[in-house]
Amino acid sequence: ALQIPAVVGLETITDLVKEGDLLIVDGNAGEVVINPDDSDIIRYQERQLEHEAYVSSITKTGHLPATTLDGHRITVQANMEFLEEVTAVIDNGGEGVGLYRTEFLYLRSKGLPSEDDLFEDYRQVAEIMAPNPVTIRILDLGGDKVPSDLEMSKEINPALGLRAIRLCLQEPDMLKTQFRAILRASIYGKVQLMVPMVSGLQEVLDAKLILEKAKEELDQEEIDYNQDIKVGIMIEVPSAVAMAEILARHVDFFSIGTNDLIQYALAIDRDNEQVAYLFQPFHPAILRMIQQVVNAAKNAGIGLSLCGEMAGDPLCTPFLLGVGLDNFSVNARAIPLIKTVVRSITLEEARNDFKNVMALGTANEVRNYALERTKSLIPELGEKGYVQNPG
Ligand code: PEP
Ligand code: MG
């Protein structure tokens, strides 16, 4: 989002790079070249120019709606983490914010941020994005990301520990403060509220009780808020997938968080380099889980989006459209590209793609199918190395 190329997980790089070395960071290929020779530098400069030209060509259409070749309108929104990113969302043609991660407000504040601090931040995002929606996610802290003011014990397995809604429910006053700030901001635009890491209905019921308390307090204080604010949950824990049908009766929308869903469903720590090769968005089990959630949301008639990294991967777009998703929330920089892929396909073809990948048994087969498909839809993506097999 900040337009800085990044590559992670290069195990030995800090031993190999010395002060003063020249580096080329190729974020598309996931490569870093140390002390490139002249021919490398020229090659990469050419690629950089090509890349910039391609990005500016698709960014020109970023503000236009994303409609499939047979006329189905798809919404592409943005994920963001800091207020400052809102400019990138608008510049790239985001149709709202599908996921506003609020952790940074806690991590960068000395103590806990006050209700007014939160409100001021949310109000600005809501106002800037209006009339498009802004989905504010309550705190997803826990594990190793803990503000100094919260007393928490060290956990052996932080990803399975006191995180997100679990932490919020243990600190009801902190949760109520967040709800009050979100409710107060809700009259300045189209604000929705989202609860992360839900593992079952009880958490939703408990969170809603605290939301009701926050509303009652604001009523008593005669402070305005949107009485009908939409409340959604992230579906990112396998038990929530299994319970999707029931959960759908209690919320206004689902947002599928595939980053965590992959971690929890495939038992792969998303931060562990040793098993990074097993973090597989294309795993057939993940496709089936997404399908189950889509069906539950559609049957209940509630809103639905996907906000994990998969949503911004052009390889995934055809089969995600095919399973029935029509709302994607992606890194701001990916918005024009995802809209471009949407415009290159019919919904009928996409449904066929989903059917085809559902017949495959391994993540590699699904990935290869997706790679060939996206390259055939938009040949430039393959030719210029934006989509490729892992190196
Ligand atoms: C996800 O888990 O897919 C997600 C979008 O949330 P985060 O990456 O913030 O955990
Ligand atoms: Mg998550």
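Quantities reported herein were computed from a predicted structural model and do not represent experimental measurements.

Asks: Would you mind going over empty space enclosed by the protein with me for this structure?
Replies: One simple way to see leftover space: roll a probe sized like a water molecule over the atoms. The tally for this structure, following the rule as stated, stands at one cavity of 30 Å³ or more. Roughly 50 Å³ of internal volume is contained in the largest cavity. Lining of the largest cavity is provided by Phe179, Val195, Val204, Ala207, Lys208, Leu211, Val231, Ile233 and Val251. Of the residues forming the lining of the largest cavity, the biggest block, four residues, is contributed by helix H8 (residues 201-220).

Asks: Explanation requested: the side chain of Arg163 in the structure shown.
Replies: Looking at the secondary structure, you find Arg163 in the loop between strand E6 (133-137) and helix H6 (164-170). Only 2.9 Å separates the side chain of Arg163 from the side chain of Tyr264, close enough to count as a polar contact. What Arg163 contacts, discounting residues up to four positions off in sequence, is Asp140, Leu141, Gly142, Pro158, Met197, Asp260, Gln263, Tyr264 and Arg270.

Asks: Is there a simple way to explain the side chain of Asn259 in this structure?
Replies: Counting through the fold element by element, Asn259 comes out in helix H11 (residues 258-266). Among the polar contacts made by the side chain of Asn259, one reaches the main-chain amide nitrogen of Glu309 at a distance of 2.8 Å. Residues in contact with Asn259, not counting those within four places in the same chain, are Arg101, Arg270, Phe279, Gly308 and Glu309.

Asks: Is there a simple way to think about the coordination of the magnesium ion (ligand 2) in this case?
Replies: When a metal carries six donors in an octahedron, the ideal angles between them are 90 or 180 degrees, while four donors in a tetrahedron ideally lie at 109.5 degrees. Here the magnesium ion (ligand 2) is held by the protein donor atoms Glu236 (OE) and Asp260 (OD), which lie 2.0 to 2.1 Å from it. Here Asp260 lies in helix H11 and Glu236 lies in the loop between strand E8 (230-235) and helix H9 (238-242), a separation of 24 residues in the sequence.

Asks: How should unusual backbone geometry be read in this particular structure?
Replies: Peptide bonds are mostly trans, and most non-glycine residues show a negative phi. With an omega of 5 degrees, the peptide bond running from Ala130 to Pro131 counts as cis. Mapping Pro131 onto the fold places it in the loop between helix H5 (115-129) and E6. Of note, Asn35 is a non-glycine position whose phi angle comes to about 45 degrees, a positive value. Its place among the elements puts Asn35 in the loop between strand E2 (31-34) and helix H2 (38-59).

Rules used in this analysis
Residues numbered from 1 in each chain as written. Chains lettered and ligands numbered in written order. Predicted model: local features only at pLDDT ≥ 70, side-chain atom pairs only at ≥ 80, totals over all residues. Heavy atoms only, no water. 1 Å grid on protein atoms, 1.4 Å probe; cavity = no way out; pocket = protein on both sides within 12 Å on 5 of 7 lines; lining within 4 Å. Points joined across faces, edges and corners; volume = space filled by probe spheres on them. Helix = DSSP H or I, 4+ residues; strand = E, 2+ residues; numbered from the N terminus. Polar contact = N/O pair within 3.5 Å; in protein donor to acceptor, adjacent residues only side chain to side chain. Contact = heavy atoms within 4.5 Å. Donors = N, O, S within 2.8 Å, 3.2 Å for Na, K, Ca; no water.

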